[in-house]
Amino acid sequence: MNSEEDTQKQSKTPLDFTWRDTEQLKRFITETGKILPRRITRLSAMQQRHITRVIKQARNMLLLK
């Protein structure tokens, strides 16, 4: 097997998301576009800060509302 195939099969952690991963980021926002809090998403503080930063970047690139 190719090492690239192995990395594609592994699930991504929230720290691996980039602003291009809009489908995965939609799990962390409401229908109105608000970012869900940590108590709902059950992420660590570092993961939540990363997700917030990435969602704001995607909004800036007009990929998310």
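Here is what the cut-offs are and how they apply
Residues numbered from 1 in each chain as written. Predicted model: local features only at pLDDT ≥ 70, side-chain atom pairs only at ≥ 80, totals over all residues. Heavy atoms only, no water. Helix = DSSP H or I, 4+ residues; strand = E, 2+ residues; numbered from the N terminus. Buried < 20%, exposed > 50% of the residue type's maximum accessible area, 1.4 Å probe, protein only. Contact = heavy atoms within 4.5 Å. Areas by Shrake-Rupley, 256 points an atom, 1.4 Å probe, with all protein chains shown as cover. Core = buried A, V, L, I, M, F, W, Y, C linked by side-chain atoms within 4.5 Å. Polar contact = N/O pair within 3.5 Å; in protein donor to acceptor, adjacent residues only side chain to side chain. Salt bridge = Lys/Arg side-chain N within 4 Å of Asp/Glu carboxyl O.

Enquirer: Mind laying out the overall build of the protein, listing which residues take part and the relevant values?
Expert: Scanning the protein for helices and strands turns up four helices and zero strands. Taken across its 65 residues, the protein has 31% of its residues classed as buried. Residue pairs in contact within the protein that sit at least 24 positions apart in sequence constitute 51% of those at least 6 positions apart. Carbon and sulfur atoms make up 49% of the accessible area of the protein, which totals about 5200 Å².

Enquirer: Hey, could you go over the nonpolar core for me, with residue numbers and the actual values?
Expert: If you look at the biggest cluster of nonpolar residues, it comprises ten residues: Phe-17, Leu-25, Phe-28, Ile-29, Leu-43, Ile-51, Val-54, Ile-55, Ala-58 and Leu-64. Tallying contributions element by element places helix α4 (residues 45–60) first for this core, with four residues.

Enquirer: Which residues make up the environment of Thr-41, and what are the values?
Expert: Following the sequence through the fold, Thr-41 ends up in helix α3 (residues 38–41). Sequence separation between Thr-41 and Phe-28 is 13 residues, and the spatial gap between their C-alpha atoms is 6.9 Å. Here Gln-48 takes part through its side chain, which lies 3.1 Å from a polar atom of the side chain of Thr-41.

Enquirer: Just give me the short version of the pattern of salt bridges, but keep the residues and values in it.
Expert: Two side chains with opposite charge may pair up if their charged atoms get near one another. Within the structure shown, the criterion is met by two salt bridges. Across the pair Glu-23 and Lys-26 runs a salt bridge, and its minimum N-O distance is 3.5 Å.

Enquirer: So, the environment of Thr-22: which residues are in play, and what are the values?
Expert: Mapped onto the elements of the fold, Thr-22 is located in helix α2 (residues 22–25). Residues Thr-22 and Arg-59 lie 37 residues apart in sequence; the distance between their C-alpha atoms is 9.8 Å. Once residues lying within four places of it in the same chain are set aside, the contact partners of Thr-22 are Leu-63 and Leu-64.

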